[in-house]
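Read off the chains here:
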Amino acid sequence: MENMLLSGIISIGNIGINSVYVYLGMMLLCSAAVYYMVKKLYKWAIKKQMLRFLSYIGASTVIISLTIILAVLQERDAWQFLKAAVQSLAFLGISLAIFPLLHQFLLKRK
């Protein structure tokens, strides 16, 4: 029983730290880094008035988050769900880039 209690403990020097706290700290640091990068990206996109790009980023974030939550709730392999979500988002991104260009090309031909 004592072995089970110590299985989640990581020893750093003489200090024993629960591995959950290490992972939680790493996730918080990564989340903060991503937040600051996305914040700069959003400011740049707002200055350039790239509404289609902003809506794509927002939709992608929501869809990937919902995919992960659903995979965890259904206790299934999340990678299979994520692969399908990312492929559909890639198709959406390509179509958002191509259709306006195609529309402009067709208008100029008339």
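Residues numbered from 1 in each chain as written. Predicted model: local features only at pLDDT ≥ 70, side-chain atom pairs only at ≥ 80, totals over all residues. Heavy atoms only, no water.

A. View of the overall build of the protein chain. Across its full length, the protein chain carries four helices and two strands. Secondary structure elements in the protein chain, listed N-terminal to C-terminal, are α-β-β-α-α-α. Taking all 110 residues of the protein chain together, 10% fall into the buried category. Of all intrachain contacts in the protein chain linking residues separated by at least 6 positions in sequence, the fraction that spans at least 24 positions is 26%. For the protein chain, the accessible area works out to roughly 9,800 Å², and carbon and sulfur atoms hold 70% of it. (Helix = DSSP H or I, 4+ residues; strand = E, 2+ residues; numbered from the N terminus. Buried < 20%, exposed > 50% of the residue type's maximum accessible area, 1.4 Å probe, protein only. Contact = heavy atoms within 4.5 Å. Areas by Shrake-Rupley, 256 points an atom, 1.4 Å probe, with all protein chains shown as cover.)

B. Here's a closer look at the packing of aromatic side chains. In this structure the tally under the stated criterion is one aromatic pair. Plain terms: the ring middles of Tyr-35 and Tyr-36 are 5.2 Å apart, the flat faces sit at 70° to each other, and that makes the pair edge-to-face. (Phe/Tyr/Trp six-rings, centres within 6.5 Å; stacked < 30°, edge-to-face > 60°.)

C. Representation of a nonpolar patch on the surface. Residues Ile-94, Ile-98, Phe-99, Leu-102, Phe-105 and Leu-106 make up a contiguous nonpolar surface patch of about 610 Å² in total accessible area. Mapped onto the elements, Phe-105 comes out in helix H4 (residues 78-109). Owing to a relative accessible area of 47%, Phe-105 belongs among the partly exposed residues under this scheme. (Patch = residues over 30% accessible without salt bridge, like charges linked within 9 Å, V, L, I, M, F, W, Y side chains within 5 Å. Salt bridge = Lys/Arg side-chain N within 4 Å of Asp/Glu carboxyl O.)

D. Molecular detail of helix H2 (residues 19-47). If you check H2, its first and last C-alpha atoms are 42 Å apart, about what 29 residues at 1.5 Å a residue would give, namely 42 Å. A positive phi of about 55° marks Gln-49, the residue just after H2. (Expected span 1.5 Å × (residues − 1).)

E. Region of the structure containing the packing of H2 against helix H3 (residues 51-73). For the pair H2 and H3, the least separation of the axes is 9 Å and the interaxial angle reads 150°. Taken as axis vectors, H2 and H3 run roughly antiparallel relative to one another. Facing H2, whose interface residues are Leu-41, Tyr-42, Ala-45 and Ile-46, H3 presents Phe-53, Leu-54, Ile-57 and Gly-58. In the contact of H2 with H3, the residues fall into seven nonpolar, one polar and no charged. (Axes fitted to C-alpha atoms, helices over the stretch in contact; angles between N-to-C directions. Parallel < 35°, antiparallel > 145°, perpendicular 65-115°, else oblique. Nonpolar A, V, L, I, M, F, W, Y, C, P; charged D, E, K, R; others polar.)

F. Focus on the side chain of Thr-67. Summarising the element assignment, Thr-67 is placed in helix H3. Look at Thr-67 and you get buried, because its relative accessible area is 13%. Not counting chain neighbours up to four residues away, the residues in contact with Thr-67 comprise Phe-81, Leu-82 and Ala-85.

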